[in-house]
Amino acid sequence: NFVDSNSISIHRLVQAVLRNNLRESFNNKSKFGIELSLSWFEKLLQFFIENENNFKLTNSFNQIIETSEKLKKKFKGIYNTQLAYLDLVIAPVYFNMEKYDQYKQILDKVDKYLKTTKGEEYLKCKILYLYSKKKKKKSDFSTAENIINTALQKFQKIHSTSSISKSEIENLKAKILF
């Protein structure tokens, strides 16, 4: 529910159900719950980015970062594909806040993990797109173009899975091309 033009309210009952379901899925190490949480988290972030003119984003972004840190603690120090995915959701927050050092640190961390992992072409393609954004921001258009060309080559290997929908793949393709 929209309370006013600057905030959203979620009914306490909905909050309680979400908390309970997420707690159970983490306690039972349910992959579905974790993927659902990451998907929901990414949609929330995208909502804030798309509606940035209607919100005080610095506060919203800080809340998103804090929430992601709490979510990461549930993994008890183990870095995995879900956390890499979450980091690639969070990285644009730092980019939009113009905290480019933190942005690059996250990308480098995910890149290091992905170099040791087979598959995960979606994430490998997404990280290339995010690296190209940084290069464009620095006006290094030639390097950005090379990165995008590599991303387009990798894009051919992406297939939808239970955790990555066809629409997510198409959205990434649109970002890469434009």
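Analysis parameters
- Residues numbered from 1 in each chain as written.
- Predicted model: local features only at pLDDT ≥ 70, side-chain atom pairs only at ≥ 80, totals over all residues.
- Heavy atoms only, no water.
- Helix = DSSP H or I, 4+ residues; strand = E, 2+ residues; numbered from the N terminus.
- Expected span 1.5 Å × (residues − 1).
- Polar contact = N/O pair within 3.5 Å; in protein donor to acceptor, adjacent residues only side chain to side chain.
- Phe/Tyr/Trp six-rings, centres within 6.5 Å; stacked < 30°, edge-to-face > 60°.
- Buried < 20%, exposed > 50% of the residue type's maximum accessible area, 1.4 Å probe, protein only.
- Lys NZ or Arg CZ within 6 Å of the ring centre and 35° of its normal.
- Core = buried A, V, L, I, M, F, W, Y, C linked by side-chain atoms within 4.5 Å.
- Axes fitted to C-alpha atoms, helices over the stretch in contact; angles between N-to-C directions.
- Parallel < 35°, antiparallel > 145°, perpendicular 65-115°, else oblique.
- Left-handed = near helix turned anticlockwise from the far one by under 90°.
- Contact = heavy atoms within 4.5 Å.
- Nonpolar A, V, L, I, M, F, W, Y, C, P; charged D, E, K, R; others polar.

> It is not clear to me how helix H4 (residues 81–96) should be interpreted in this structure. Could you clarify?
For H4, which comprises 16 residues, the first-to-last C-alpha distance of 24 Å matches the rise-based estimate of 22 Å (1.5 Å per residue) to within 8%. Two or three places before Leu83, at the opening of H4, Asn80 has a side-chain oxygen 2.9 Å from that residue's backbone nitrogen. One or two steps after H4, the chain reaches Glu98, where phi turns positive at roughly 60 degrees.

> Teacher, can you tell me more about the packing of aromatic side chains here?
Any aromatic ring pair is given by two values, namely how distant the centres are and how the planes are angled relative to each other. Evaluation of the coordinates by the stated rule reveals 3 aromatic pairs. Ring geometry for Phe95 versus Tyr100: centroids 5.4 Å apart, planes at 70 degrees, classification edge-to-face. Judged by relative accessible area, which is 12%, Phe95 ranks as buried. With relative accessibility at 21%, the residue Tyr100 sits in the partly exposed group. The interplanar angle of 50 degrees and the centroid separation of 4.9 Å between the aromatic rings of Phe95 and Tyr103 together place this pair among those described as tilted. One exposure class covers both Phe95 and Tyr103, and it is buried. Grouped by ring-pair contacts, the aromatic residues Phe95, Tyr100 and Tyr103 constitute a single cluster. Directly above the ring of Tyr85 sits Lys126, whose terminal nitrogen or CZ lies 5.6 Å from the centroid.

> Hey, could you run me through the nonpolar core in this one?
As a rule of thumb, soluble globular proteins bury nonpolar side chains together. Core analysis: the biggest nonpolar cluster contains 38 residues, and Leu107, Tyr122 and Ile176 have the highest contact counts within it. The set of elements that each furnish at least two residues to this core consists of helix H3 (57–73), H4, helix H5 (100–114), helix H6 (121–137), helix H7 (141–155) and helix H8 (166–177). The leading source of residues in this core is H4, at 11 residues.

> Please clarify how the packing of H6 against H7 should be interpreted in this entry.
Any two packed helices are characterised by the angle at which their axes cross and by the distance between the axes. Across the interface, H6 lies against H7 with an axial gap of 8 Å and an inter-helix angle of 170 degrees. Of the possible angle classes, the one that applies to H6 and H7 is roughly antiparallel. By crossing handedness, the relation of H6 to H7 is classed as left-handed. In this structure, H6 uses Glu121, Lys124, Cys125, Leu128, Tyr131, Ser132, Lys135 and Lys136 to contact H7, whose residues at the interface are Phe141, Thr143, Ala144, Ile147, Ile148, Thr150, Ala151, Lys154 and Phe155. Taken together, the residues that form the contact of H6 with H7 break down as 9 nonpolar, 3 polar and 5 charged.

Honestly, it's all geometry; don't read function into it.
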